[in-house]
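Architecture and fold: a report
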Number of protein chains: 2
Amino acid sequence: MQIALLVYDRFTALDAVGPYEILCRIPDAEIVFVGKEAGPVRTDTGALALTADKALDEVPHPDVLVVAGGPGQSALMEDQVLIDWLRGVDATSTWTTSVCTGSLLLAAAGLLTGRRATSHWLALGHLERYGAAPTEERVVFDGKYVTAAGVSSGIDMALALLGRIAGDDYARAVQLATEYDPQPPYDAGSPQKAPAPIVEEIRARSRFILT
Amino acid sequence: MQIALLVYDRFTALDAVGPYEILCRIPDAEIVFVGKEAGPVRTDTGALALTADKALDEVPHPDVLVVAGGPGQSALMEDQVLIDWLRGVDATSTWTTSVCTGSLLLAAAGLLTGRRATSHWLALGHLERYGAAPTEERVVFDGKYVTAAGVSSGIDMALALLGRIAGDDYARAVQLATEYDPQPPYDAGSPQKAPAPIVEEIRARSRFILT
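Scoring rules and cut-offs
Residues numbered from 1 in each chain as written. Chains lettered and ligands numbered in written order. Predicted model: local features only at pLDDT ≥ 70, side-chain atom pairs only at ≥ 80, totals over all residues. Heavy atoms only, no water. Helix = DSSP H or I, 4+ residues; strand = E, 2+ residues; numbered from the N terminus. Rg over C-alpha atoms; globule rule 2.2 N^0.38 Å. Buried < 20%, exposed > 50% of the residue type's maximum accessible area, 1.4 Å probe, protein only. Least-squares fit on C-alpha atoms with pLDDT ≥ 70 in both. Contact = heavy atoms within 4.5 Å. UniProt positions renumbered as here; feature names shortened; annotations may be inferred. Buried area = accessible area lost by both parts, 1.4 Å probe. Salt bridge = Lys/Arg side-chain N within 4 Å of Asp/Glu carboxyl O. Axes fitted to C-alpha atoms, helices over the stretch in contact; angles between N-to-C directions. Parallel < 35°, antiparallel > 145°, perpendicular 65-115°, else oblique. Left-handed = near helix turned anticlockwise from the far one by under 90°. Core = buried A, V, L, I, M, F, W, Y, C linked by side-chain atoms within 4.5 Å. Pairing = 2+ DSSP bridges. Phe/Tyr/Trp six-rings, centres within 6.5 Å; stacked < 30°, edge-to-face > 60°. Lys NZ or Arg CZ within 6 Å of the ring centre and 35° of its normal.

1. Notes on the overall build of chain A
Along the backbone of chain A there are 7 helices and 11 strands. Since a compact globule built from 211 residues should have a radius of gyration of about 17 Å, the 16 Å found for chain A is in line with a globular shape. Dimensions of chain A along its principal axes, counting C-alpha atoms only, are 45 × 40 × 35 Å. A buried classification covers 63% of the 211 residues belonging to chain A.

2. Thoughts on the relation of the copies chain B and chain A
Relating one copy of the chain to the other takes a rotation about an axis and a shift parallel to that axis. Between chain B and chain A, the superposition needs a rotation of 180° and an axial shift of 0.0 Å, giving an RMSD of 0.0 Å. The two molecules are tied by a two-fold rotation axis, judged by turn and shift. Closest approach to the rotation axis among the C-alpha atoms of chain B is made by Leu50 of chain B, whose C-alpha sits 2.2 Å away. Looking at chain B, 100% of its interface residues are interface residues in chain A too, so the copies touch through the same face.

3. Focus: helix H1 (residues 13-23) of chain A
For H1 of chain A, the buried fraction is high: 11 of the 11 residues fall into the buried class. For H1 of chain A, the full list of buried residues reads Ala13, Leu14, Asp15, Ala16, Val17, Gly18, Pro19, Tyr20, Glu21, Ile22 and Leu23 of chain A.

4. Considering the UniProt feature "domain: DJ-1/PfpI" (unreviewed entry) in chain A
UniProt feature "domain: DJ-1/PfpI" (unreviewed entry): in the numbering of this structure it lies at residues 2-162 of chain A. Secondary structure content for residues 2-162 of chain A is 29% helix and 26% strand, and the end C-alpha separation is 14 Å.

5. Section: unusual backbone geometry
Of note, the phi angle at Glu179 of chain A is positive, near 45°, even though the residue is not glycine. Within the fold, Glu179 of chain A resides in the loop between helix H6 (168-177) and helix H7 (196-206). For Glu179 of chain A, a relative accessible area of 8% gives the class buried. Despite not being glycine, Val151 of chain B shows a phi value in the positive range, around 30°. As for its placement among the helices and strands, Val151 of chain B is situated in the loop between strand E11 (145-148) and helix H5 (153-166).

6. Section: the interface of chain B and chain A
Listed by partner, the interface residues are 64 residues for chain B and 64 residues for chain A. Carbon and sulfur atoms make up 60% of the surface buried where chain B meets chain A, a total of about 5400 Å² over both sides. It is Leu176, Glu179 and Tyr186 of chain B in chain B that bury the most area against chain A; as a group they hold 15% of the surface buried on that side. Linking chain B with chain A are 4 salt bridges, by the criterion used here.

7. A short note on the packing of helix H1 (residues 13-23) of chain B against H5 of chain B
Residues and elements named next belong to chain B. Where H1 contacts H5, the axes come no closer than 8 Å and their chain directions differ by 30°. By the angle between their axes, H1 is roughly parallel relative to H5. Handedness of the H1/H5 crossing: right-handed. Of H5, the residues touching H1 (which contributes Gly18, Pro19, Ile22 and Leu23) are Gly154, Ile155, Ala158, Leu159, Leu161 and Leu162.

8. Structural notes on the nonpolar core
Grouped together as the largest cluster of nonpolar side chains are 140 residues, with contacts concentrated most on Tyr20 and Leu86 of chain A together with Tyr20 and Leu86 of chain B. With near-sequence residues (within four places) excluded, Tyr20 of chain B lies in contact with Ala13, Thr43, Asp44, Thr45, Ala47 and Leu48 of chain A together with Leu5, Ile31 and Phe33 of chain B.

9. With respect to the sheet that holds strand E10 (residues 139-142) of chain A
Residues and elements named next belong to chain A. Sheet architecture is open: 7 strands sit in the order E5-E2-E1-E6-E7-E11-E10, paired in mixed fashion. The outermost strands of the open sheet, each flanked by one partner alone, are strand E5 (54-55) and E10. One ladder, built from 2 bridges, connects strand E2 (residues 30-35) with E5; its direction is parallel. Residue pairing for E5: Val34 is matched across the bridge by Lys54. Where helix H5 (residues 153-166) meets the sheet, it contacts strand E6 (64-67), strand E7 (95-99), E10 and strand E11 (145-148), and its direction lies at approximately 165° from that of E7.

10. Quick notes on the packing of aromatic side chains
All names here are of chain B. Under the criterion given, the structure shown has 6 aromatic pairs over all chains. Centroid distance Tyr20 to Phe33: 5.6 Å. Interplanar angle 55°. Geometry classified as tilted. In this pair, Tyr20 sits in helix H1 while Phe33 sits in strand E2 (residues 30-35), placing the two residues 13 residues apart along the sequence. With relative accessibility at 0%, the residue Tyr20 sits in the buried group. Where Trp95 meets Phe141, the ring centres are 6.0 Å apart and the plane angle is 90°; that geometry is what we call edge-to-face. Remark: Phe141 occurs in strand E10 (residues 139-142) and Trp95 occurs in strand E7 (residues 95-99); sequence separation between them is 46 residues. When its relative accessible area of 13% is taken as the criterion, Trp95 is described as buried. Sitting over the face of the ring of Phe141, Arg164 holds its NZ or CZ atom 3.9 Å from the ring centroid.

Structure, rendered in structure tokens:
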């Protein structure tokens, strides 16, 4: 089983590394970070580079695709090379997945048309414009398409996906190995839970990121 | 404010990237990944390389230190160059922190002697051998020393730390921006919660990792 994680300039690190840390524990799975070109890719802060070990054309048919999100996504929505690669991968994939605004790239490739899907809470409107049916859930399964909400939600998505691939007990073992027993010190992780002024502040700032 | 994340061959990616994704959002903070030498560092699976942008001697006095864990930690417990660097950093740091078995490196440097601290649940015994007072909590503050349990717990630690540095509301805003509203599909993230056979299986496998 080959699992490809798509990264690109100005992606958000945890979008990719969250699912990686769970899915890399599938027995005999090959995990590969893929970029438009092979080489270091800088995240959205500029303070971290991950290496894309393979270029798109070196990974034409992974079994599982995970598309990370991040501000850099907006520059790729009409990138025909990437869109064609996404369509080609999806034609043979077992699972086509995304985290955060990665779902906008899947939608731009036409892969989520009419499907229930999610994204970062600030991007659900964009998702609708690209033909998907935005769904306010943390992890959304629609057939082989699995989309996760913002940034940290890729961990939950990957665990749910791992359960489907390797069984519930295997997923539980990975949850234990990664000690994923979350205890956030605040309860402000969704727009429904955060104080309204904080929601509005983040919404105002996002205008400069989501285009 | 300079925040240094220490990485090394065979570290665990999420140990570093979880805290990074939270702490990088501190206004005017400089985040820097530090390695024994500057350059790409492979994680424990071999499937991912992150770039250490700076070598140890280029980052002598960060305000915040985060030491990641991972199987590669065991090869560094008597690495005098690294131990000296940890002591030097700690002499002037505002916060000295770790995730997972990163606390064993802090303990090996003598920084946790007599202090309450935590680590991956499988490594708590090791922590005690190095003079710390192992504490079965997800995030442990003891003065300026902050240690987190296994792998994913660095996210919770970083949010708690962010609250101390930038205030509770700022931390809530970052929680919302990263949509950290965890909803694990299973409830097996600690040895108290996971089914006993799964705990035993992970414990048996760990003998080959923790030395």
